[in-house]
Amino acid sequence: MEVEVVREERTHQAIPCSSARRRSKLSLGQREVTVQKGPLFRAAGYPVSIGCNVTGHQGPAEQHFQWSVYLPKAPTQEVQIVSTRDATFSYAVYAQRVRSGGIYVERVRGNSVFLHISELQPKDSGEYECHTPNTDERYYGNYSAKTRLIVVPDTLSATMSSQTLGKEEGESLELTCEASKATAQHTHLSVTWYLMQDGERNQTTKIISLSKDFTLIPGPSYTERFAAGDVQLGKLGVSTFRLSIGSLQPSDQGQLFCEATEWIQDPDETWTLITRKQTAQTALRIRPTARDFQVNISAESTFTAGKSLELACLVGGGGRDPQLQGVWFFNGNEMARIDAGGVLDLKGDYKERASQGQLQVSKFSPKAFALRIFSAGPEDEGIYRCAVAEMARAPMGSWQVLQRKQSPDRHVHLRTPAARNVVLSTKNKQQAVWEGEALTLLCKTDGAESLLSVEFWRLPRGQTQPEFVAGVQQDGTVRLGASSEELHNQSPTRLQKMDWATFQLEISSTSSTDGGVYECRVSEGAWNQARGRSWTQKLAVTVQSLQSSLRVKLMSRQPQVELAKTFGLSCVAEADYTSLGVLLAVTWQFQPARSRVFHPLVRITHNGTIEWGDFLSQFQKKTKVFQSSFRSQLLIHDASEEEAGVYQCKVEVYVSNSLCTRGPARASAVSHALMIAITLPESKLQVNSSSQVREILINSNTDIECRVLSRSTGDLQLAVIWYFSPSSTNATWLRILQMDQTNVVKYGDEFPTPWRKQKFYTEKVSQDLFQLHILNMEDSDQGKYHCTVEEWLLSTNGTWHKLGEKKSGLTELKLRPTGSQVRVSKGYRTENATEHGDVAIHCSVESFGSPASLFSVMWYRNRENSGRKTLVHLHHDGLLEYGEEGLRRHLHCYRSSHTDFVLKLHRVETEDAGLYWCRVTEWQLHGSPSNWVNQASDESQPMVLSVLPSEPTFPSRVCSSTSLLYFLVACPCIPLVLLFISLFCLYRKGRKLSALSLKAQKEKALWMNLKRAGDWTANQKEEEEEDH
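Reference entry: report on the structure contained in this document. (Residues numbered from 1 in each chain as written. Predicted model: local features only at pLDDT ≥ 70, side-chain atom pairs only at ≥ 80, totals over all residues. Heavy atoms only, no water.)

With respect to the nonpolar core
Nonpolar side chains in soluble globular proteins tend to be buried together. We count it as follows: The set of buried Ala, Val, Leu, Ile, Met, Phe, Trp, Tyr and Cys residues whose side-chain atoms join them within 4.5 Å is what this entry labels a nonpolar core. The classification of residues rests on relative accessible area computed with a 1.4 Å probe and restricted to protein chains. Under 20% of the type maximum is buried, over 50% is exposed, and intermediate values are partly exposed. By definition, any uninterrupted DSSP run of H or I lasting at least four residues is a helix, any uninterrupted run of E lasting at least two residues is a strand, and each is numbered from the N terminus. Contacts between residues were defined by any pair of non-hydrogen atoms, one from each residue, lying within 4.5 Å.
Of all hydrophobic cores here, the largest spans 41 residues; its most connected members are Leu569, Trp588 and Tyr647. Looking at this core, the elements that each hand over two or more residues are β42 (551-555), β44 (567-574), β45 (583-592), β46 (599-604), β49 (631-636), β50 (645-654), β51 (667-670) and β52 (674-679). Not counting residues within four places of it along the chain, the set of residues in contact with Tyr647 comprises Leu554, Phe567, Leu569, Gln589, Phe590, Phe598, Leu601, Ile636, His672, Ala673, Leu674 and Ile676. If you look at the next biggest cluster of nonpolar residues, it comprises 28 residues, including Val824, Leu891, Cys893 and Phe901.

A few points about unusual backbone geometry
Residues Gly38 and Pro39 are joined by a peptide bond in cis, for which omega reads 0°. Tracing the backbone through its elements, the reader meets Pro39 in the loop between β1 (32-35) and β2 (40-43). Positive phi, normally seen in glycine, also occurs at Lys429, with a value near 65°. Locating Lys429 in the fold gives a position in the loop between β32 (422-426) and β33 (432-434). What makes Lys429 exposed here is its relative accessible area of 65%. Its identity is not glycine, yet Ala564 carries a phi of approximately 75°, on the positive side.

Examining the side chain of His873
Cut-off, in case you're wondering: Pairs of N or O atoms are called polar contacts if they sit within 3.5 Å, as long as, within protein, a hydrogen donor faces a hydrogen acceptor (for residues adjacent in sequence, only side-chain-to-side-chain pairs).
Along the chain, the position of His873 falls in strand β68 (residues 867-874). Under the relative-accessibility criterion, His873 is labelled buried at 16%. Reaching out from His873, the side chain makes a polar contact with the side chain of His875 at a distance of 3.4 Å. The contacts of His873, once residues within four sequence positions are left out, are Ser856, Val857, Met858, Leu879, Leu880 and Glu881.

Remarks on the pairing of strand β8 (residues 126-131)
Inclusion rule: Strand pairing is assigned whenever DSSP detects at least two bridges linking the two strands.
Here strand β4 (residues 66-70) runs beside β8; their pairing, made up of five bridges, is antiparallel. Within the sheet, the bridge partner assigned to Tyr70 lies in β8 and is Glu127. Where β8 lies against strand β9 (residues 144-152), six bridges are found, and the strand directions are antiparallel. Looking across to β9, one finds that Tyr128 is bridged to Thr147.

Some words on the pairing of strand β5 (residues 79-83)
Taking burial as the measure, the five residues of β5 include five buried ones, the bulk of the element. The pairing of β4 with β5 spans four bridges and is classified as antiparallel. Residue pairing across strands places Val69 opposite Val79, the latter belonging to β5.

Structure, rendered in structure tokens:
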């Protein structure tokens, strides 16, 4: 018959949550699933339990688990076993065992389960997987874990022959059992002997065991007999285990058997039971023998008032486990009685003392009785005696006295206390503490051990009367002084008795009022009896204020911050108690420009809570707060002009006790003010500045580009303004239109009519390219165009800031000739001119489009190493325009006829030599109203002009000879020479006047024609406007 043995043993592994918890700390919010580390070796026919734990998960606290196995014959195929969520999860091969309860999941906590298999089968070997379905917002971590289970055969055997033995009390006993195993893995064997007493079929008593680590462990009832060598367990050979009892007692009667247990060590270094077998039982009958006994009393001869007094009544000899009754006497009077059945009967006032916990009477072994007075006093001094009677149960159930014995009298005296020394000190040996720091005072005394009462008093500085702080009585009752009770919630005061001679007063969070001279008063005996038996000691304690050393600094690396950039502010607290572990609350304050009031921006409380102010609406969205022990930092992104102003921070100091009780700050300090200025960033805008001239067909469409070459980084927007200057002289720049930074287009005041607005429109081709489109090009559209690009930055408060602007190069638009063919003579010519003389260069039109055409001419010169240069431009309307103002005195351009043009150079120099040519342009009236339009142009062949040095003249020769010059001066021919020169000058002047008169007549005729044409054009324009 196999008996259920009640004992402590490991039946399954603990859930492996500690390692998972450590791993989860490495990555908060990451799911981690862990199972017991394998491989796990278990025997067939025995149960197994595998733990699974999940941490770092989101969603409900109660997670679901799914168990599967990968069998050796198909290591990649999952076989589903059991699930906490789905009752139909099991495959057919396991479904029957799950339904019958042979396989089930036990939930230990919401995130921890055990897989139990009640009876392992050889086919259960495989790799077991624990999977947790996802309840997280996203997949992060691992959701399953595996371990390997190997099922080994049961090879354990335990045998002992069944027999019935009869023994006399006091005889010896030897029993042997055979226990062996043949497991291939390394396992340990433990062997235990049990006793099942008669009438207790389901309860066994452990006698002795040889544990798996080869240690002999006696059962609780056999500890003394094992220590005395009466009970032993020995190993004979490989598989034989012998139980030896040197002297049998009546309590040894019953059924004895042996149990063998096989253990294996798992990879986590824990030992697990895998098999267990019990032998057949041996019936043992013991015949008791009667014996005489003696009674003695054990106690100290003296005792200390207030301490416990213990007496023991001991029975020696007699039989094994006799039925005894004990009676206690004091000064001849019965105090208490414990009968053979264990019933206690107290006499007189001892019953009341026992109800108050001052007295205890007990039977602590079959042959020992105890009397304990916990707080003995003078009334307990006297003579003690105990009487013991051996009892037997009569057939009718009553008790009968077989024999009775008394102990000798025991005199117990009250001990007179001796003088004591008291030492009062702080726990850390420092007599100065910071405000909020814990203050621990130790009051120690010496001498004989006794019950003591202690009082702590404090004499505040500047006072003459001490205050009671706390005290403890002999019975352990603690009472606090009035001031300590009032401040108990803010700074708890505790008084503890560390041992009989050491008392500890702890003020967990001191304040400035806790400083002063402390006194410890130690008394022996009750407080009302302590007169003349007390000892004192004093100690001065200083509590330093936290406010005294607190300093706050405010710093920033960027007092000048560009708009839309990020800047940081650091608030640093300095104090002499940084190692104290205080907590700081930091309040950031802001004073805007042109204001004298500070407003709270954000407060970081000492418990980590962030409280945002509402003065700056966008401040919370773009600010990050960093806080360490003595430093707080603000990181403000996308700076705007709202953040320009003065900042300061306020630091409040809390101690750890204030965190729990929400007490006030112990100290506070404000930093100096720090000005933060918000500036606009430097613009890096660059626009194409090259100029160009373009010819456009009349009534055609065209566009002008405005290209951005570089721009500032960041979220910036561009605005483009287009300007136009007509071809007429001294024309001002007119604003055509503007596309602002929000892409809104607005036309200039000079373009009020819809017709003018429809003629121009702008387009944003890309981020860096803008175009101005001009429709139906006409003469009034001729002129110069350019764009101005502006760079704008939008701050978080919705304000636009202009960073810079750039102007593009000029684009000049001209109308292209529309079909007329003008031709200029192409003959190659050379011309020699004498230095200081005049020369005329001719340009003739050979053919043109219409007799009503007018012509303009431009003269060019190209000298060696100087390039092409425009000399003069004679417009079709007769306007004369020089390339340089200084050429007006040296050049003269005019028409010799309607189609002939002359360039005349006065007093040529050698540097005037070079190539000269002309370009003639034909102009005709077009459109309604009519406008002069460029029709065509043509250039002549270059003419080579060479300048020769002048020949020597007679005057020059005269001037070169000094003697001859003197002769001529003195010569009377001087008047003749003067007359000749006068006549020559008159001739030249007359000729010039004639030429000027002829030219004036021609120009007058030309201006009359132009005036008529202009009047007609103006009349046509007025009629057209009236039509509109």
